[in-house]
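# Coordinate analysis (summary)
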Amino acid sequence: MKVELILSIVLAVSTVIYTSINALMLLESKKSRNQRITPLIIAHLQLSENREMIKLYIENVGEGYAKDVTFNFIKNHNLFDKDPVSEMYGFLKNGISSFPSGNKMQCILDTPRNIDFTLNPYIEIEIDYRDLRNKTYKDNYKLLFSQIQEIYSEIPDTYIGQIPYQLKQINKTLTKK
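Okay, so let's go over this structure. The numbering scheme is per chain: residues are counted from 1 as the chain's sequence reads. This being a predicted model, a pLDDT of at least 70 is required before a residue's local features are given, and a value of 80 or more before pairs of side-chain atoms are given or counted; all residues contribute to the totals for chains, interfaces and linings. Excluded from the side-chain calculation are hydrogens and water; included are all heavy atoms of the structure.

### Regarding the environment of Gln 35
- Only DSSP runs of H or I covering at least 4 residues are called helices, and only runs of E covering at least 2 are called strands; the numbering of each starts at the N terminus. As for its position among the elements, Gln 35 is in helix α1 (residues 2-37).
- For Gln 35 and Gly 62, which are 27 residues apart along the polypeptide, the C-alpha to C-alpha distance reads 8.0 Å.

And the structure:
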């Protein structure tokens, strides 16, 4: 009788462990499926290839599809000291109805020389969007221009970006002679 009791206890404990492992795997599988349909839209600043322009990038880095994307500029920037950026680009003004994973939108903000980092140190954008299940997301980005200023003096990374940089260096050398 003792052997049967021990075997029953071992069987009951292993069944409980097996059931709990399966429950954890089920939760992990559900989280993985949700990640595949969840969009993540980010905003960031970057210099153009030739380091002459600061660009604003809006990018869906999540694995899911985003829809009804709207942009609310809390702190705007005037494009070349004229009109606000939010009014100059259609996708910023009207929003984006369809924004698949991996898509990227860009717009020129200004040249680094035109930006006064003390008066206008950043832009702030609030991005609202929905996923395919109509779950809403709201992200706020405060993008500092001073972070771009440090990168400005570097040589461009890509060969295409290095062409204008090298041509300027050659022009400086030729004009000195």
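### What about the pattern of salt bridges?
- The salt bridge criterion pairs a side-chain nitrogen of Lys or Arg with a carboxyl oxygen of Asp or Glu, the two atoms within 4 Å. For the coordinates displayed, the defined rule picks out three salt bridges.
- A salt bridge links Arg 130 to Asp 68, with the shortest nitrogen-to-oxygen separation between them at 2.0 Å. Separated by 62 residues along the polypeptide, Arg 130 in strand β8 (residues 122-130) and Asp 68 in strand β3 (residues 66-75) bring together distant segments of the chain.
- Two residues, Lys 138 and Glu 126, come together in a salt bridge whose shortest N-O distance is 4.0 Å. Taken together, the residues span a long stretch of sequence, with Lys 138 in strand β9 (residues 136-144) and Glu 126 in strand β8 at a distance of twelve residues.
- With a 1.4 Å probe rolled over the protein chains alone, any residue whose accessible area is under 20% of its type maximum counts as buried; one over 50% counts as exposed, and the rest are partly exposed. With relative accessibility at 56%, the residue Lys 138 sits in the exposed group.
- For Glu 126, a relative accessible area of 17% gives the class buried.

### A short note on unusual backbone geometry
- Its identity as a non-glycine residue notwithstanding, Asp 68 has a phi of 55°, on the positive side.
- The phi dihedral of Asn 134 falls on the positive side, at around 65°, and the residue is not glycine.
- With respect to the helices and strands, Asn 134 occurs in the loop between β8 and β9.
- Look at Asn 134 and you get partly exposed, because its relative accessible area is 41%.

### Considerations on the sheet that holds strand β7 (residues 104-110)
- Strands qualify as paired when DSSP identifies two bridges or more between them. Pairing is antiparallel in the open sheet, where three strands are placed in the order β1-β2-β7. Strands with a single pairing partner mark the edges of an open sheet, and in this sheet they are β1 (41-47) and β7. The sheet shows a mean angle of 25° between the axes of neighbouring strands, direction not considered.
- Pairing of strand β2 (residues 54-60) with β7 involves six bridges; the strand directions are antiparallel. Bridge assignment links Lys 55 to a residue of β7, and that residue is Ile 108. To define axes, lines are fitted to C-alpha atoms, for helices over the stretch in contact only, and angles between the resulting N-to-C directions are given on a 0 to 180 degree scale.

Just distances and angles here, no functional claims.
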